[in-house]
Amino acid sequence: MTTLRAFTCDDLFRFNNINLDPLTETYGIPFYLQYLAHWPEYFIVAEAPGGELMGYSAAALIHCMFTVMGKAEGSVAREEWHGHVTALSVAPEFRRLGLAAKLMELLEEISEKKGGFFVDLFVRVSNQVAVNMYKQLGYSVYRTVLEYYSASSGEPDEDAYDMRKALSRDTEKKSVIPLPHPVRPEDIE
């Protein structure tokens, strides 16, 4: 049976099977520690019965945080308070078991409790498997962010979709009305 639990510092030494996958964005240890220190309740890991890590998610509520690697941010006054999925990754051998959907569901529940208007995430335009999964989970493309991702050389590499899912607080679904034009990374608040 799969166990969902809080991510711990020790997990940083155990998640290479997840993080070294070419579809996973990886970060330096200080980045993970920052999320763990600021938003521990929003940093979740899925563990197999044998103890191997199956996946993790991290998120934040812009001005709060979530247990999928992410955070909370935005302005309540402008109806932009939201949960943000920073990372969601499942080891290749544990894909197609519904783990990503379960981790996203947890993040959405936390965002609802924190009073968010929506949950958003960024995904590579070329990652159609992920784009389709998020669409199945109720997310839609809000905007395209030009040259959001960088190659290892630091040069612009690929565009991203900013995908969103409205939460119950956004009764008019204003947060998911698509922008008619692409934006650049520096235009993102």
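Check the entry above for the structure.
Residues numbered from 1 in each chain as written. Predicted model: local features only at pLDDT ≥ 70, side-chain atom pairs only at ≥ 80, totals over all residues. Heavy atoms only, no water.

## Details of the overall build of the protein
Looking only at helices and strands, the protein has four helices and eight strands in total. In the protein, the succession of helices and strands from N to C terminus is β-α-α-β-β-β-β-α-β-α-β-β. Look at the contacts in the protein between residues 6 or more apart in sequence, and 60% of them connect residues 24 or more apart. Summed over all atoms, the accessible surface of the protein reaches about 9500 Å², with 54% contributed by carbon and sulfur. (Helix = DSSP H or I, 4+ residues; strand = E, 2+ residues; numbered from the N terminus. Contact = heavy atoms within 4.5 Å. Areas by Shrake-Rupley, 256 points an atom, 1.4 Å probe, with all protein chains shown as cover.)

## Let's talk about the environment of Ala100
By the element assignment, Ala100 lies in helix 3 (residues 99-113). Judged by relative accessible area, Ala100 falls into the buried class, the value being 13%. In this structure, the C-alpha to C-alpha distance between Ala100 and Ser89, residues 11 residues apart in sequence, is 7.3 Å. With residues up to four places along the chain from it excluded, the contact list for Ala100 reads Leu88, Val90 and Met133. (Buried < 20%, exposed > 50% of the residue type's maximum accessible area, 1.4 Å probe, protein only.)

## Describing the nonpolar core
Formed by 37 residues in total, the largest nonpolar core has its most connected members in Leu121, Val123, Tyr134 and Met163. Secondary structure elements with two or more residues in this core: helix 2 (29-38), strand 2 (44-47), strand 5 (82-90), helix 3, strand 6 (118-124), helix 4 (128-136) and strand 8 (156-166). No other element matches helix 3, which puts seven residues into this core. When near neighbours in sequence (up to four residues on either side) are disregarded, Tyr134 contacts Leu88, Met104, Leu121, Val123, Tyr139 and Met163. Val145, Tyr149, Ala160 and Val183 belong to the second largest nonpolar core, which has five residues in total. (Core = buried A, V, L, I, M, F, W, Y, C linked by side-chain atoms within 4.5 Å.)

## Side note on the pairing of strand 2
What you see with strand 2 is no split at all: Ile44 and Ala46 on one side and Val45 and Glu47 on the other are buried throughout. Here strand 1 (residues 3-6) pairs with strand 2 via four bridges, running antiparallel. By the bridge assignment, Leu4 is partnered in strand 2 with Ala46. (Pairing = 2+ DSSP bridges.)

## What to know about the environment of Ala37
With respect to the secondary-structure elements, Ala37 resides in helix 2. Its relative accessible area of 61% is what places Ala37 among the exposed residues. Note: C-alpha distance between Ala37 and Cys9 (28 residues apart in sequence) is 9.8 Å.

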